[in-house]
Amino acid sequence: RVPEWNASLTPGRPIPEGTAYVGIRSRDLHPAGEGEENRLPLLDPLVMEGPARDQVVFRPGEGAARLWWEPGGRTAPGSLPRELAIRPEDLLLLTEQADSR
């Protein structure tokens, strides 16, 4: 459970003792399909245009820190999904908080 995101995430493997954080690579997020688990709402999305592809900055929950999503190309106006998902096997189970530098 990630309280800050108001989300319950299911990993694709047993949770090791001492796990305190979850990590998500921006490239591992994808538009959520019907019935897919590990869904996160795309709140307050901001599309940032890059030279070759766009990046989307969003919040996965009310008051949550922002996350990045790399859709893999250009994002057409009005084409953002309402939710993103991550495959259980792509969740990173961490015992220490990653350094954001």
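Structure first, text after, so check above.
## Let's talk about the sheet that holds strand β2 (residues 30-31)
The antiparallel open sheet is built from three strands, whose spatial order is β2-β7-β3. Of all strands in the sheet, those with a lone pairing partner are β2 and β3 (39-41), marking the two edges.

## Concerning the sheet that holds strand β6 (residues 67-69)
On the basis of which strands lie adjacent, the open sheet formed by three strands has the order β4-β5-β6 and antiparallel pairing. Of all the strands in the sheet, just β4 (43-49) and β6 have a single pairing partner and so form its edges. Put simply, the sheet's adjacent strands are angled 25° from each other on average, direction ignored. Of the strand pairs in this sheet, strand β5 (residues 54-59) and β6 are connected by three bridges, and their pairing is antiparallel. Residue pairing across strands places valine 56 opposite tryptophan 69, the latter belonging to β6.

## Examining the nonpolar core
Taken as a class, soluble globular proteins show a tendency for nonpolar side chains to be buried jointly. Of all hydrophobic cores here, the largest spans 15 residues; its most connected members are Trp5, Leu9, Leu29, Leu40, Phe58, Trp69 and Leu84. Of all the secondary structure elements, the ones that give two or more residues to this core are β5 and β6. Setting aside chain neighbours within four positions, we find tryptophan 69 in contact with Ser26, Leu29, His30, Pro31, Gln55, Val56, Phe58, Leu80, Pro81 and Leu84.

## Observations regarding the pairing of β5
Judged by how many residues are buried, β5 sits mostly within the fold: five of six residues are covered. Sheet topology note: the β4/β5 ladder contains five bridges and is antiparallel. Counterpart to leucine 43 in the pairing with β5 is arginine 59. In this structure, the hairpin formed by β4 and β5 is closed by a connection of four residues.

## Brief notes about the side chain of aspartate 90
With respect to the helices and strands, the residue aspartate 90 is situated in the loop between β7 (83-85) and β8 (92-94). Residues in contact with aspartate 90, not counting those within four places in the same chain, are Gly23 and Asp28.

So, how was this worked out
- Residues numbered from 1 in each chain as written.
- Predicted model: local features only at pLDDT ≥ 70, side-chain atom pairs only at ≥ 80, totals over all residues.
- Heavy atoms only, no water.
- Pairing = 2+ DSSP bridges.
- Helix = DSSP H or I, 4+ residues; strand = E, 2+ residues; numbered from the N terminus.
- Axes fitted to C-alpha atoms, helices over the stretch in contact; angles between N-to-C directions.
- Core = buried A, V, L, I, M, F, W, Y, C linked by side-chain atoms within 4.5 Å.
- Buried < 20%, exposed > 50% of the residue type's maximum accessible area, 1.4 Å probe, protein only.
- Contact = heavy atoms within 4.5 Å.

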